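Here is what each chain is made of, one letter per residue.
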Amino acid sequence: MLQEFITGPEVTVGVLCDGEGRLADYIAMERELENGRTVRATVIEDARIDALVRDFVARVPCAWAVNLQLRLHPERGPVVFEINARLSVST
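Because the structure is a prediction, the values reported are computed rather than measured.

## A few points about the side chain of arginine 31
Tracing the backbone shows arginine 31 in strand S2 (residues 23–34). Reaching out from arginine 31, the side chain makes a polar contact with the side chain of glutamate 10 at a distance of 2.5 Å. Within the structure, arginine 31 has its side chain in polar contact with the side chain of threonine 38 (distance 2.9 Å).

## A short note on the nonpolar core
One finds Val11, Val13, Val15, Ile49, Val53, Val66 and Leu68 to be the most contacted residues of the largest nonpolar core, which totals 14 residues. Those elements that place two or more of their residues in this core are strand S1 (10–17), helix H1 (47–59) and strand S4 (64–73).

## A few points about the pattern of salt bridges
Considering all chains together, one arrives at eight salt bridges under this definition. Aspartate 46 is the salt-bridge partner of arginine 48, the closest N and O atoms lying 2.8 Å from each other. Overall, aspartate 46 belongs to the buried group, its relative accessible area being 19%. What emerges from the salt-bridge pattern is a single network uniting Glu10, Arg31 and Arg71.

## Quick notes on the sheet that holds strand S3 (residues 37–43)
Reading across from one edge, S3-S2-S1-S4-S5 is the order of the five strands in this open sheet, with antiparallel pairing throughout. Of all the strands in the sheet, the pair left with one neighbour each is S3 and strand S5 (77–84). Between one strand axis and the next, the sheet turns through 35° on average, direction left out of account. Where S2 and S3 come together, six bridges link them in antiparallel fashion. Paired with glutamate 32 across the two strands is arginine 40, which belongs to S3.

## What about the confidence of the model for the protein chain?
Overall, the predicted model of the protein chain reaches an average pLDDT of 90, with 96% of residues at or above 70. Looking across the protein chain, the model is least confident in S3, with a mean pLDDT of 87, and most confident in H1, with 96.

## Focus on unusual backbone geometry
The backbone of tryptophan 64 sits at a positive phi, close to 75°, despite the residue not being glycine. Relative to the helices and strands, tryptophan 64 resides in strand S4. Tryptophan 64 gets classed as exposed once you look at its relative accessible area, which sits at 55%.

Thresholds, definitions, all that
In this convention, every chain numbers its residues from 1, walking through the sequence in written order. Given that this is a predicted model, residues contribute local features only at a pLDDT of at least 70 and side-chain atom pairs are listed and counted only at 80 or more, while totals for whole chains, interfaces and linings are drawn from all residues. Excluding hydrogens and water, the side-chain figures rest on all heavy atoms present in the structure. Secondary structure counts use DSSP, requiring at least four H or I residues in a row for a helix and at least two E residues in a row for a strand, with both numbered from the N terminus. Polar contacts, as used here, are pairs of N or O atoms within 3.5 Å; protein pairs need one atom able to donate a hydrogen and one able to accept it. Residues neighboring in sequence count only if both atoms are side-chain atoms. Nonpolar cores are built from buried Ala, Val, Leu, Ile, Met, Phe, Trp, Tyr and Cys residues. Side-chain atoms within 4.5 Å join them into one set. A simple rule labels every residue: compare its accessible area, found with a 1.4 Å probe on the protein chains alone, to the largest value its type can have, and call it buried under 20%, exposed over 50%, or partly exposed in between. Whenever Lys or Arg places a side-chain nitrogen within 4 Å of a carboxyl oxygen from Asp or Glu, that contact is recorded as a salt bridge. A pair of strands counts as paired when DSSP detects no fewer than two bridges linking them. The convention used is that axes are lines fitted to C-alpha atoms, helices contributing only their stretch in contact, and that angles between N-to-C directions extend from 0 to 180 degrees. Confidence of the predictor at the level of single residues is captured by pLDDT, which takes values from 0 to 100.

What follows is the structure, encoded as structure tokens:
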């Protein structure tokens, strides 16, 4: 499998939906990694990430916790490269 390398800071988004699949809340954190592990995370607010999360929840049926891994590309904005059906360890 090949995957495009996306430049820009890495962000993890912990999404929480209710049992009906409605967005309850989310937290977006810019991560600093060492050896593949989060050593520092800063909570960020970004209108582009907010729009992406709301669009994701509207399109993808989900209940409870979902983790979106993305990079904030300088021109393209947030680009998801991984989706996990669980809370992030960083969260």
